[in-house]
Amino acid sequence: MKLSHLDKLSAIPALSGDEKKLAEAIVKKIDGYARWAFDSIGTLYVYKEGKKRRENPFLVMTHMDEAGLLISGASDEGYLRFQTCGAIDPRFLLGRRVTVGSENIPGVIGCKAIHQTGAEERKKPVGAEKLLIDIGASTKEQAEKAAAPGDSAVFMTGFERMGGRRIRGRALGDRIGCAVMISLIRTELPYDTVFAFTTRYHSGGSEPIAVYHTRPERTLILGAAAADDIPGGKGECALGKGVVLPLSEQRTVYEKNFRRQAGCCALEKEIPIQQPVLSENSGAGRAQYAIDGVPTVFLGVPCRYLNSPAVVADEADIENMEAIALELISTGAEDKEENHD
């Protein structure tokens with residue numbers, strides 16, 4: 001996979017429900033490699049022809065949107081009020097630089113200075129409801145002219161390499177699946193495959209719509225998993241230790257045969273995997289219980305600090321997730337019917 005895919009995609013703001021610019025950037029990268037189309041809520045479907053046809057579609061899916069802030073109004077002093085969109089830890093917010101709206105207006109998240117707080121206030125974390133975005137406006141009118149209720153605000157953080165093969169960037173957990181799917185679409189595949197870049201994951205999820213639209217026989221979801229390899233964590237999901245193939249997650253238990261097949265693909269290719277129980281929801285449950293029920297499996301890249309201004313991942317895990325996904329795509333109907341015990 002070209003790391004440049006991830007670098008460029010992570011720089012494009014795409015709050016839940018506001019994914020259009022990111023979708024357009026993805027189209028530029030896959031146009032000419034496959035047919036593509038949008039549905040009415042912005043999900044991008046890509047129909048990749050392989051060397052062989054499939055009787056029933058195989059769907060590979062990831063989401064495009066990121067967690068962030070939704071502008072809700074302005075104060076008399078010119079600050080922007082907001083609400084969070086997605087599972088954002090308010091401890092990450094104070095003092096962070098953000099960009100607001102389609103014009104990428106720079107701002108900073110602030111609140112009353114610590115010197116102006118009492119002893120009791122200092123003992124408690126500052127909740128998101130007490131924070132404001134400073135865009136340099138002096139009046140409510142100026143602020144409202146710059147940003148309207150419903151506009152998005154996202155963290156202003158660049159992409160960069162860290163030590164070893166670690167990378168850091170904004171919304172990496174939401175863009176890793178997109179980058180891997182772009183790479184797969186630009187690859188010659190043995191079988192026809194349908195790809196779906198979905199919307200609104202962080203505000204309810206459109207996975208069932210994608211499943212209904214494509215009517216797949218099986219669905220593979222790609223994404224990120226919250227790493228717990230920091231001091232005090234359980235260490236069940238660690239960077240650089242392998243792709244996450246969970247036993248289950250918050251809202252579902254995966255179809256056993258499909259999950260076993262994914263594990264066998266990793267074993268045959270000597271790709272390390274980790275098998276925790278996810279505390280979060282990958283969207284697999286929403287997909288698996290759509291229409292008449294569709295066998296679904298999730299593959300994740302361990303990421304530290306998900307939904308924060310700076311997410312950290314390991315490049316080797318990303319490459320390994322792509323390798324397992326390619327192996328699963330490469331299996332035909334006769335392969336999936338074999339016993340993978």
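A few points on the structure. In this text, all values refer to a predicted model and were calculated from it rather than measured experimentally.

Thoughts on the pairing of strand S4 (residues 68–74)
Of all 7 residues in S4, 5 are buried, a share of seventy percent or more. Where S4 meets strand S5 (residues 80–85), 6 bridges bridge the pair, whose relative direction is antiparallel. Paired with Leu69 across the bridge in S5 is Thr84. Between the antiparallel neighbours S4 and S5 lie 5 residues, among them Gly78 with a positive phi of about 100 degrees. Bridge count for S4 against strand S9 (residues 152–155) is 2 bridges, and the pairing is antiparallel. Its bridge partner lying in S9, Leu69 is registered against Ala153.

A closer look at the pairing of strand S6 (residues 97–100)
Across 4 bridges, the pairing between S6 and strand S7 (residues 105–110) is antiparallel. Residue pairing in the sheet places Arg97 in a bridge with Val108 of S7. Connecting S6 to the next strand, S7, in antiparallel fashion are 4 residues, including Gly101 with a positive phi near 70 degrees.

Thoughts on a negative patch on the surface
Together, Asp76, Glu77, Glu141 and Glu144 make up a region of like negative charge exposed at the surface. Mapping Glu77 onto the fold places it in the loop between S4 and S5. Taking the relative accessible area as the measure of exposure, Glu77 reaches 48% and is therefore partly exposed.

A short note on the sheet that holds strand S19 (residues 311–314)
The strand order S10-S11-S19 describes an open sheet built from 3 strands, whose pairing is antiparallel. The sheet is open, and its two borders are formed by strand S10 (160–161) and S19, each paired with just one other strand. Inspection of the sheet shows S10 paired to strand S11 (residues 166–169) by 2 bridges, in the antiparallel sense. Following the sheet pairing, Arg161 is matched in S11 by Ile167. In this fold helix H9 (residues 315–329) packs onto S10, S11 and S19, with an angle of close to 65 degrees to the strand it touches most, S19.

Some remarks on the side chain of Arg170
With respect to the helices and strands, the residue Arg170 is situated in the loop between S11 and helix H5 (172–185). Side-chain polar atoms of Arg170 contact the backbone oxygen of Phe155, separated by 3.1 Å. Residue contacts for Arg170: discarding those within four places in its chain leaves Ser10, Ala11, Ile12, Pro13, Glu66, Val154, Phe155, Met156, Thr157, Arg175 and Pro309.

Describing the nonpolar core
When a protein is soluble and globular, its nonpolar side chains tend to lie buried together. Residues Ile26 and Phe197 are the most contacted members of the largest nonpolar core, which totals 53 residues. No other element matches the 9 residues that H5 contributes to this core. Those residues in contact with Phe197, other than ones at most four positions away along the chain, are Ile26, Gly42, Thr43, Leu44, Val46, Thr62, Met64, Cys178, Met181, Ile182 and Ile185. Grouped together as the second largest cluster of nonpolar side chains are 20 residues, Ile88, Leu93, Ala128 and Ala143 included.

A short note on the pattern of salt bridges
Side chains carrying opposite charge are able to pair once their charged atoms draw close together. Counting across every chain of the model gives 13 salt bridges. Among the salt bridges present, the one from Arg170 reaches Glu66, with a minimum N-O distance of 2.2 Å. Of the two residues, Arg170 is situated in the loop between S11 and H5 and Glu66 in the loop between strand S3 (58–63) and S4; the sequence distance between them amounts to 104 residues. On the basis of relative accessible area, Arg170 is assigned to the buried category, the value being 3%. Glu66 gets classed as buried once you look at its relative accessible area, which sits at 2%. Notably, a salt bridge pairs Arg175 with Glu66, separated by 2.5 Å at the nearest N-O pair. Of this pair, Arg175 sits in helix H5 while Glu66 sits in the loop between S3 and S4, placing them 109 residues apart in sequence. With a relative accessible area of 0%, Arg175 lands in the buried category. Three or more residues joined by partner-sharing salt bridges are found here, namely Arg161, Arg165, Glu315 and Glu319.

Remarks on helix H1 (residues 3–10)
Considered for burial, the residues of H1 that qualify are Leu3, His5, Leu6, Leu9 and Ser10. End-on view of H1: buried residues confined to an arc of 155 degrees, all on one side of the axis. In this structure, the buried side of H1 is in contact with helix H2 (20–30), S10, S11, H5 and H9.

Brief notes about the packing of helix H7 (residues 256–268) against H9
Between H7 and H9, whose axes approach to 9 Å, the crossing angle comes to 120 degrees. Between H7 and H9, the angle is such that the two are oblique. Remark: the crossing between H7 and H9 carries right-handed chirality. Of the residues in H9, those in contact with Phe258, Gln261, Ala262, Cys265 and Ala266 of H7 are Ile324, Glu327 and Leu328. Across the contact of H7 with H9, the residue classes tally to 6 nonpolar, 1 polar and 1 charged.

Conventions we followed
- Residues numbered from 1 in each chain as written.
- Predicted model: local features only at pLDDT ≥ 70, side-chain atom pairs only at ≥ 80, totals over all residues.
- Heavy atoms only, no water.
- Buried < 20%, exposed > 50% of the residue type's maximum accessible area, 1.4 Å probe, protein only.
- Helix = DSSP H or I, 4+ residues; strand = E, 2+ residues; numbered from the N terminus.
- Pairing = 2+ DSSP bridges.
- Patch = residues over 30% accessible without salt bridge, like charges linked within 9 Å, V, L, I, M, F, W, Y side chains within 5 Å.
- Areas by Shrake-Rupley, 256 points an atom, 1.4 Å probe, with all protein chains shown as cover.
- Salt bridge = Lys/Arg side-chain N within 4 Å of Asp/Glu carboxyl O.
- Lys, Arg positive; Asp, Glu negative; His and termini not counted.
- Charge placed at Lys NZ, Arg CZ, Asp CG, Glu CD.
- Contact = heavy atoms within 4.5 Å.
- Axes fitted to C-alpha atoms, helices over the stretch in contact; angles between N-to-C directions.
- Polar contact = N/O pair within 3.5 Å; in protein donor to acceptor, adjacent residues only side chain to side chain.
- Core = buried A, V, L, I, M, F, W, Y, C linked by side-chain atoms within 4.5 Å.
- Arc of directions from axis to C-beta.
- Parallel < 35°, antiparallel > 145°, perpendicular 65-115°, else oblique.
- Left-handed = near helix turned anticlockwise from the far one by under 90°.
- Nonpolar A, V, L, I, M, F, W, Y, C, P; charged D, E, K, R; others polar.

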